[in-house]
Amino acid sequence: MTSELSAIVLAAGEGSRMRSALPKPIHRICGRPMVLHVIDALAELDVARVVVVIGHEAEAVRTAVEAGAPDGVSIEFALQVEQRGTGDAVSIGLGALAEQPVDDQGDVIVLPGDAPLLRASTLSHLVEVHRSHEAGATLLTARIADPTGYGRVLRGRGESVIGIVEHGDATSEQRAIDEVNTSIYCFRRSPLAPVLRRLSPQNAQGEYYLTDAVAVLHDAGYPTVAVMASDAMEAAGVNDRVQLAEAEAAMRKRINERWMASGVTMRDSATTYIDVDVLLDPDVELLAGVALSGGTTVGSGAVIGPDCTIDGCQVGSRARIERTTARRAVIGAGAMVGPWVLVPEGTSVAAGACVGPSLPDDGERPFAGEAPAR
């Protein structure tokens, strides 16, 4: 029988480098909070329970997760009142798991709430390797050109992992290592809690490092192994606005490629912005400068663009929309809208209707509030 798999998502940090009143885990990537991208990846695995450890602006993070969590995933929350490091956060998460019956021989995935590009297939492979080696800990690693700031992976005989050293505590020789820890792990459930109790805050940050648990498990005789990420960007964390923009661009490229593979034409994918909750039928055509968001749906044969912002709308098949902003509206099949039209919330454009700008007597061209038929 396959042992039970649980997960702990770390979303308690302040994220001060974001320079934002908004908690870091709920900054949006392609229309969805970062932490929910992580939970979406977990949802594709056979995960029995997911504990989200919250702390800074805890209620805001809780509300965002509860509002957007995928169906069928059991989400629980654990509060880290004082930010004392990742080791302490995982200990709190394990405490929440222990409040209900749990398979002590099972495994637990631990991952940060700021890795929105992580794929379910990568997590699945991590768990597969972990179980095939009967490991105490299996970590996801990556090789990057500039490892500054990352924990370095220390290898022993047979390529086993003997420990992780954080950048601030590393020697010059250790800092030359380019294999880094991504803060994504799979642990055997039963030894993890006692191992965490052995951690010490005697380090450069004065925190309980989860990374230290790897060396403790290795020294106790448990196999400790690593899986190298095929794409380092997939496991990259988001710590500031620059990394937020980089993650958004990578996610947008992924989304666009998926839709094009499904039969959607994009005349300029570099200027096409599609949020994760948008649904497109085959043979939709998107021209340059199109942004689709808010759960917009677009029927087959519709042509949108150039220069359109469509938010929360239903667009019928064969509709044609040009240089238009529309929010939470219905645009019927075969309708023609634009150019230079604002379709406000609650508007319904009838199937086959033509809607364009009106020109007042002085010749000025306004955006149309109630877009007039022409």
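None of these values were measured; they are calculated from a predicted model. (Residues numbered from 1 in each chain as written. Predicted model: local features only at pLDDT ≥ 70, side-chain atom pairs only at ≥ 80, totals over all residues. Heavy atoms only, no water.)

Caption draft 1: Structural context of the overall build of the protein chain. Per the secondary structure count, the protein chain includes eight helices and 27 strands. Among the 374 residues that make up the protein chain, the fraction classed as buried is 48%. Sequence-distant contacts in the protein chain: of pairs separated by 6 or more residues, those separated by 24 or more amount to 52%. If you sum the accessible surface of the protein chain, you get close to 17100 Å²; carbon and sulfur atoms cover 48% of it. (Helix = DSSP H or I, 4+ residues; strand = E, 2+ residues; numbered from the N terminus. Buried < 20%, exposed > 50% of the residue type's maximum accessible area, 1.4 Å probe, protein only. Contact = heavy atoms within 4.5 Å. Areas by Shrake-Rupley, 256 points an atom, 1.4 Å probe, with all protein chains shown as cover.)

Caption draft 2: Focus on the sheet that holds strand β22 (residues 324-327). Taking strand neighbours across the sheet as the criterion, the five strands line up as β13-β16-β19-β22-β25 in an open arrangement whose pairing is parallel. At either end of the open sheet lies a strand with only one pairing partner, and these are β13 (272-274) and β25 (341-343). On average, adjacent strands in this sheet sit at an angle of 5° to one another, irrespective of strand direction. Bridging between β22 and β25 involves three bridges; their strand directions are parallel. Bridge pairing in β25 places Ala-326 opposite Val-343. (Pairing = 2+ DSSP bridges. Axes fitted to C-alpha atoms, helices over the stretch in contact; angles between N-to-C directions.)

Caption draft 3: Region of the structure containing helix α2 (residues 58-68). Buried within α2 are the following residues: Ala-58, Val-61, Ala-64, Val-65 and Gly-68. Looking straight down α2, one finds its buried side chains confined to an arc of 135°; they lie on one side. Opposite the buried face of α2, by more than 90 degrees, sit the exposed residues Glu-59, Glu-66 and Ala-67. Lining the buried residues of α2 we find β1 (5-11), β3 (32-33), α1 (34-43), β4 (49-54) and β5 (75-79). (Arc of directions from axis to C-beta.)

Caption draft 4: Structural view of the packing of aromatic side chains. Across all of its chains, the model carries one aromatic pair by this definition. Summarising the aromatic geometry, the rings of Tyr-185 and Phe-187 are spaced 5.2 Å apart at their centres and angled 25° between planes, so their arrangement reads as stacked. (Phe/Tyr/Trp six-rings, centres within 6.5 Å; stacked < 30°, edge-to-face > 60°.)

Caption draft 5: How the structure looks around the pattern of salt bridges. Under the definition given, this model contains 16 salt bridges. Salt-bridge contacts for Arg-84 lead to Asp-88; the nearest nitrogen and oxygen are separated by 3.0 Å. Classification of Asp-88 as buried rests on a relative accessible area of 11%. Residue Arg-267 is joined to Glu-285 by a salt bridge in which the shortest nitrogen-to-oxygen separation is 2.8 Å. (Salt bridge = Lys/Arg side-chain N within 4 Å of Asp/Glu carboxyl O.)

Caption draft 6: The packing of helix α3 (residues 86-98) against helix α6 (residues 189-196), seen in detail. Contact pair α3 / α6: the axes reach a minimum separation of 10 Å and the direction vectors enclose 130°. Our classification of the angle between α3 and α6 gives oblique. For the crossing formed where α3 meets α6, the hand is left-handed. Contact with α3, carried on its side by Gly-87, Val-90, Ser-91, Leu-94, Leu-97 and Ala-98, involves Arg-189, Leu-192, Ala-193 and Leu-196 of α6 and no other residues of that element. Grouping the constituent residues of the contact of α3 with α6 by class yields seven nonpolar, two polar and one charged. (Parallel < 35°, antiparallel > 145°, perpendicular 65-115°, else oblique. Left-handed = near helix turned anticlockwise from the far one by under 90°. Nonpolar A, V, L, I, M, F, W, Y, C, P; charged D, E, K, R; others polar.)

Caption draft 7: Spotlight on the side chain of Asp-88. Within the secondary structure, Asp-88 is located in helix α3. A distance of 2.9 Å separates the side chain of Asp-88 from the side chain of Gln-80, its partner in a polar contact. Setting aside residues up to four positions removed in sequence, Asp-88 forms contacts with Gln-80, Glu-82 and Tyr-208. (Polar contact = N/O pair within 3.5 Å; in protein donor to acceptor, adjacent residues only side chain to side chain.)

Caption draft 8: Summary view of the environment of Gly-158. Inspection of the secondary structure puts Gly-158 in the loop between β8 (152-155) and β9 (161-165). Residues Gly-158 and Gly-294, spaced 136 residues apart in sequence, show a C-alpha to C-alpha distance of 50 Å.

Caption draft 9: Representation of the state of the cysteines in the model. One pass over the full model with this rule turns up zero disulfides. Counting only cysteine sulfurs, Cys-313 is the nearest neighbor of Cys-30, a cysteine outside any disulfide, at a range of 19 Å. Of the residues examined, Cys-30 reaches a relative accessible area of 2% and is grouped as buried. Between Cys-308, a cysteine without a disulfide, and Cys-313, which holds the nearest cysteine sulfur, the sulfur-to-sulfur distance is 11 Å. (Disulfide = S-S within 2.5 Å.)

Caption draft 10: Main features of helix α7 (residues 212-219). Buried within α7 we find Ala-213, Val-214, Val-216 and Leu-217. Looking down the long axis of α7, one finds its buried residues gathered within 165° of arc, a one-sided arrangement. Here the buried face of α7 lies against β7 (137-143), β9, β10 (179-188), α6 and β11 (224-228). Following α7 by one or two positions, Gly-221 adopts a phi angle in the positive range, close to 100°.

Caption draft 11: Quick look at the pairing of β10. Of all ten residues in β10, eight are buried, a share of seventy percent or more. As defined by bridge partners, strand β6 (residues 107-112) adjoins β10 across four bridges and the pair is classed as antiparallel. Pairing of Val-110 across the sheet is with Tyr-185, part of β10. Where β7 lies against β10, six bridges are found, and the strand directions are antiparallel.

Caption draft 12: Up close: the packing of α6 against α7. One way to put it is that α6 packs onto α7 with a least axis distance of 10 Å and a crossing angle of 115°. For the element pair α6 / α7, the angle class is roughly perpendicular. In this structure, α6 crosses over α7, and the sense of that crossing is right-handed. Mapping the contact onto sequence places Pro-191, Val-195 and Leu-196 in α6 and Ala-213, Val-216 and Leu-217 in α7. Of the residues in the contact of α6 with α7, the class split is six nonpolar, no polar and no charged.

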